[in-house]
Amino acid sequence: MFPIRKQLSGAEKRKKKQKEEALIQIQVGSLNKYFTNSQKAEQTEVAEQLNQDDTDNMLHDQKHSELNELQNEDQKQYGNDKVEVNMPENNSDEDINQEIVFPLNVDDPGNWDKMQNIRDFLVERGPRKDDDILFPLDNTGRHFNPSHYKRQLPNGEKSDRRWLVYSISMDKIFCFCCKLFKTQRTTMKLGHLADEGYKDWKNISRCLSLHETSKDHIDCMTSWIELERRLRKKKTIDENIQVAINKEREHWKQVLKRIIAVVQRIAKNNLPLRGDNEKLYVENNGIFLQLIEMIAEFDPIMEEHLRRVQERQIHYTYLGPKIQNELIQMLAAEVRSSIVAKIKHAKYFTVILDCTPDASHEEQMSLVIRCVDDSENAIVVEEFWIGFLKVNETSGLGLFTELKNILNNLELDIDNIRGQGWQIFKDHVQGLTVKPLSQTRWESHVDSVNPIKDQTSKIRDALIDLANISDDSKIKSEAEGLASFELKKKRIIRRKRQFDEINSEEVTQSPKESFRVNYFLFIIDQALSSLQTRFEQFQKYEETFGFLFSLERLKYIDDDSLLHSCVNLQESLTHDGHSDVDGSDLYLELKLLRHSLPRESKRAIDVLNYLKKMDSCYPNAYIAYQILLTIPVTVASAERSFSKLKLIKTYLRSTMSQERLNGLAMLSIEKKVVEKVDYANLINTFASKTTRRAIFK
């Protein structure tokens with residue numbers, strides 16, 4: 001008999017070392033199967049090698065004679081084995097540290113305690129199992145067997161243990177339902193399967209049998225199945241709460257929609273919103289609250305809102321003056337944004353300005369922008385009102401500064417303005433405002449003459465400069481004549497007095513003669529002067545755009561005259577060395593266009609609509625007609641805005657702020673644009689102002 005060895009032989013130590021290394025290699029990258037499958041083949045080879053080593057070990061134990069022969073060799077290698085066993089452990093630690101970088105696997109029950117509020121998600125997703133896992137061995141050489149996913153029934157059938165899940169990171173098994181639905185009272189009764197996991201592979205069968213027949217496990221299974229059924233039908237308790245929240249949110253949206261509609265209608269008709277009192281159901285509380293009360297008589301949503309207000313169930317009624325001002329500014333900003341978007345799309349625009357004092361004796365400058373709106377199917381020439389600008393300096397420089405500031409705020413390029421003038425006078429005469437003689441406001445005659453009287457020398461220098469740089473012979477001649485004219489005091493012509501006349505300097509006139517001289521002839525002179533000035537300006541536009549405006553002239557004009565007109569238009573639209581159109585290309589396009597225009601095209605707007613349908617076949621002609629229609633004929637739009645100013649800012653509302661004035665005027669003047677405002681966007685904007693308005697989101 002051979003003596004019993006107290007220590008392992010060298011061969012056994014090598015086999016043990018190989019087992020430890022194989023176990024470490026299997027555990028390394030156990031989570032990598034969720035990212036790549038490149039290591040599966042390597043793990044399979046290691047497992048096969050491990051099984052082969054077990055077989056070799058069994059054969060080795062049967063050969064007792066070889067143990068004595070290898071004893072000396074084992075003693076030499078024993079120390080080296082100790083050192084080599086520690087090396088893979090360090091590598092294992094490094095691999096574990098690297099695995100921490102990866103995100104948590106939601107299907108791994110070992111990670112569920114590190115996550116919050118995932119029960120509904122996991123129940124709806126269901127337990128996940130992976131049969132391709134190479135389960136690692138424990139210290140006793142055992143590992144989890146996937147056959148435990150099935151339960152063997154007495155009649156030979158197998159039942160699926162759907163609740164049984166395996167944790168790759170912890171090498172333990174868990175009960176899916178007990179892990180999610182356990183309570184503080186049942187945690188101890190359910191055992192490790194519901195808490196920290198179970199890993200006793202030797203007694204796993206007995207543990208699973210006892211667990212699946214326990215009452216607490218059945219209760220957790222019942223809760224799991226009920227929640228799963230409710231989630232499929234979307235009838236959970238949270239869902240019911242969410243339905244109630246959505247219902248309340250929709251209620252507040254409908255309330256705010258009605259409040260916005262009331263504000264819009266009142267501002268549209270130039271009426272005041274507030275009264276002497278700001279309480280519901282009292283006298284003289286204003287048109288706004290009275291309309292709200294009237295709506296509540298027929299609308300259940302507003303009736304419910306006012307009921308909550310009266311019973312003090314809500315702290316924020318959204319009926320106060322601050323909310324009214326905020327809604328006015330939101331509506332006006334939405335309208336202004338829509339207008340600016342159309343102007344930017346059109347590119348070219350014309351600025352119309354006019355000034356008037358308001359009820360509080362402040363000078364208000366009305367800004368109107370004219371452009372060609374081609375955003376819709378049919379092209380329309382629009383004149384949009386932008387706002388009232390309170391100006392403290394009514395000189396040319398002051399008005400230009402205000403205009404430049406507002407255009408910069410609106411992000412509109414000032415170089416896209418067409419039809420500018422008075423550049424020569426701005427360079428020579430600082431603070432000059434040239435004003436026409438008004439036919440209705442007689443007191444403005446003195447203001448119209450004073451700038452010329454006070455700055456005669458500077459105006460003369462400007463006229464001389466204009467005569468030197470102008471290429472137009474007519475303009476040059478008129479400028480020279482005006483510059484050489486000296487302002488002298490008119491000599492009084494006296495009629496010789498007869499011997500029998502009364503000694504008086506004044507000549508008595510009959511009432512009829514006095515009316516004819518002092519009123520009728522004066523009005524006729526003013527009308528003729530105004531018409532002459534107006535038609536001189538029209539004559540200048542006729543020389544530049546006349547061949548485009550008159551379609552009959554365009555059809556029968558000869559080629560040389562057409563080319564000359566196109567080149568002249570190019571020079572007129574040139575600024576800083578760049579022109580809006582190319583004269584030669586425009587000439588070629590118009591030669592083709594005049595023969596292809598449909599017979600129903602009678603006006604310039606009809607031609608522009610036809611050019612739009614042709615889809616960029618005539619680009620220079622399209623730009624030329626667009627600029628032609630951009631130039632204003634009258635300034636009546638600015639005058640009409642003054643009528644709204646007098647209706648909105650009355651002597652009873654003379655302390656109105658400039659911001660509120662512009663908001664109300666925008667809703668009153670641009671009615672068509674206001675009708676297209678989307679209330680949903682306004683409600684979202686209103687809700688984003690403060691956190692307490694989250695009920696509208």
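Residues numbered from 1 in each chain as written. Predicted model: local features only at pLDDT ≥ 70, side-chain atom pairs only at ≥ 80, totals over all residues. Heavy atoms only, no water.

Asker: Sorry if this is basic, but what is going on with the environment of E311 here?
Answerer: Within the fold, E311 resides in the loop between helix 12 (300-310) and helix 13 (321-346). Among the polar contacts made by the side chain of E311, one reaches the side chain of Q313 at a distance of 2.7 Å. (Helix = DSSP H or I, 4+ residues; strand = E, 2+ residues; numbered from the N terminus. Polar contact = N/O pair within 3.5 Å; in protein donor to acceptor, adjacent residues only side chain to side chain.)

Asker: Is there a simple way to explain the pattern of salt bridges in this structure?
Answerer: Note that side chains of opposite charge can pair when their charged atoms are close. One pass over the structure, following the stated rule, counts 27 salt bridges. The closest approach of N and O atoms between E304 and R307, which form a salt bridge, is 2.5 Å. Remark: R307 and E304 occur in helix 12; sequence separation between them is three residues, near one turn of the helix. The class for E304 is partly exposed, based on a relative accessible area of 25%. Residue K390 pairs with E362 through a salt bridge whose shortest N-O separation is 4.0 Å. One end of the pair, K390, is in strand 7 (residues 380-390); the other, E362, is in the loop between strand 5 (349-357) and strand 6 (363-373), and 28 residues separate them in sequence. A residue is classified by how much of its surface remains accessible, and K390, at 38% relative accessible area, is partly exposed. A residue is classified by how much of its surface remains accessible, and E362, at 27% relative accessible area, is partly exposed. Among the ionic contacts, a cluster of salt bridges with common partners joins E248, E304, R307, R308 and E311. (Salt bridge = Lys/Arg side-chain N within 4 Å of Asp/Glu carboxyl O. Buried < 20%, exposed > 50% of the residue type's maximum accessible area, 1.4 Å probe, protein only.)

Asker: What am I meant to see in the side chain of S668 here?
Answerer: Inspection of the secondary structure puts S668 in helix 26 (residues 658-669). Residue class for S668 comes out buried when judged on its relative accessible area of 1%.

Asker: Would you mind going over a nonpolar patch on the surface with me for this structure?
Answerer: Taken together, the side chains of F515, V517, Y519, F520, L521, F522, I523, I524 and L528 make up a nonpolar region of the molecular surface, amounting to roughly 770 Å² of accessible area. Mapping F515 onto the fold places it in helix 19 (residues 511-549). (Patch = residues over 30% accessible without salt bridge, like charges linked within 9 Å, V, L, I, M, F, W, Y side chains within 5 Å. Areas by Shrake-Rupley, 256 points an atom, 1.4 Å probe, with all protein chains shown as cover.)

Asker: Sorry, what's going on with unusual backbone geometry here?
Answerer: Most peptide bonds are trans, and most residues other than glycine sit at a negative phi. The phi torsion at N270 lies on the positive side, around 60°, for a residue other than glycine. In this fold, N270 is placed in the loop between helix 10 (237-268) and helix 11 (286-298). Located in the positive-phi region is D576, a residue other than glycine, with phi close to 55°. Judged by relative accessible area, which is 63%, D576 ranks as exposed.

Asker: How do you make sense of helix 12 when you look at a structure like this?
Answerer: Given 3.6 residues per helical turn, the α-helix brings residues three or four places apart onto the same face. By the burial criterion, the buried members of helix 12 are M302, H305, L306, R308 and V309. Looking straight down helix 12, one finds its buried side chains confined to an arc of 155°; they lie on one side. Looking at helix 12, the residues exposed on the side facing more than 90 degrees away from the buried face are P300 and Q310. Two residues or fewer after helix 12 comes R312, characterised by a positive phi angle close to 60°. (Arc of directions from axis to C-beta.)

Asker: Any chance you could explain helix 14 (residues 396-409) here in plain terms?
Answerer: Given a rise of 1.5 Å per residue, 14 residues ought to cover 20 Å, and the 20 Å separating the end C-alpha atoms of helix 14 matches this to within 8%. Among the residues of helix 14, those classed as buried are G396, G398, L399, L403, I406 and L407. Backbone geometry just downstream of helix 14 places E411 in the positive-phi region, at approximately 60°. (Expected span 1.5 Å × (residues − 1).)

Asker: Can you help me understand the sheet that holds strand 6 in this one?
Answerer: Reading across the sheet, the three strands line up as 5-6-7 and stay open at both edges, with antiparallel pairing between neighbours. The two strands at the open ends of the sheet, each matched to only one other strand, are strand 5 and strand 7. The average undirected angle you get between the axes of adjacent strands in this sheet is 20°. Against the sheet, helix 14 contacts strand 5, strand 6 and strand 7, and its axis sits at roughly 50° relative to strand 6. Where helix 26 meets the sheet, its contacts fall on strand 6 and strand 7, and the angle it forms with strand 7 comes to roughly 160°. (Pairing = 2+ DSSP bridges. Axes fitted to C-alpha atoms, helices over the stretch in contact; angles between N-to-C directions. Contact = heavy atoms within 4.5 Å.)

Asker: When you look at the pairing of strand 4 (residues 172-175) in this model, what are you seeing that I'm missing?
Answerer: Side-chain positions along a regular strand alternate between the two faces of the sheet. Relative to strand 4, strand 3 (residues 164-167) runs antiparallel, the two sharing four bridges. When the bridges of strand 4 are listed, S167 appears paired with K172.

Asker: What's the story with the packing of aromatic side chains in this structure? I'm lost.
Answerer: The way to describe two aromatic rings as a pair is by their centre distance and the angle between their planes. Within the structure shown, the criterion is met by ten aromatic pairs. Seen in terms of ring centroids, W252 and Y318 are 5.7 Å apart; in terms of plane orientation they differ by 75°. Their pairing is edge-to-face. One end of the pair, W252, is in helix 10; the other, Y318, is in the loop between helix 12 and helix 13, and 66 residues separate them in sequence. Neither residue differs from the other here; W252 and Y318 are each classed as buried. Ring geometry for W385 versus F388: centroids 4.9 Å apart, planes at 65°, classification edge-to-face. Accessibility classification places W385 together with F388 in one group, the buried group. (Phe/Tyr/Trp six-rings, centres within 6.5 Å; stacked < 30°, edge-to-face > 60°.)

Asker: What's the story with the nonpolar core in this structure? I'm lost.
Answerer: Buried together is how nonpolar side chains tend to be arranged in soluble globular proteins. One finds I259, F288, L327, I343 and F349 to be the most contacted residues of the largest nonpolar core, which totals 71 residues. For this core, the element with the most residues is helix 13, which contributes eleven residues. When sequence neighbours within four positions are dropped, the list of residues in contact with L327 reads L256, I259, I260, V263 and F686. Grouped together as the second largest cluster of nonpolar side chains are 35 residues, M115, V165, C220 and W224 included. (Core = buried A, V, L, I, M, F, W, Y, C linked by side-chain atoms within 4.5 Å.)

Asker: Which parts of the structure should I look at to understand the environment of L628?
Answerer: Counting through the fold element by element, L628 comes out in helix 24 (residues 619-630). A sequence separation of 82 residues divides L628 from G546, and the C-alpha atoms of the two residues are 9.5 Å apart. L628 has contacts with F545, L548, F549 and A604, leaving out every residue within four places of it along the chain.

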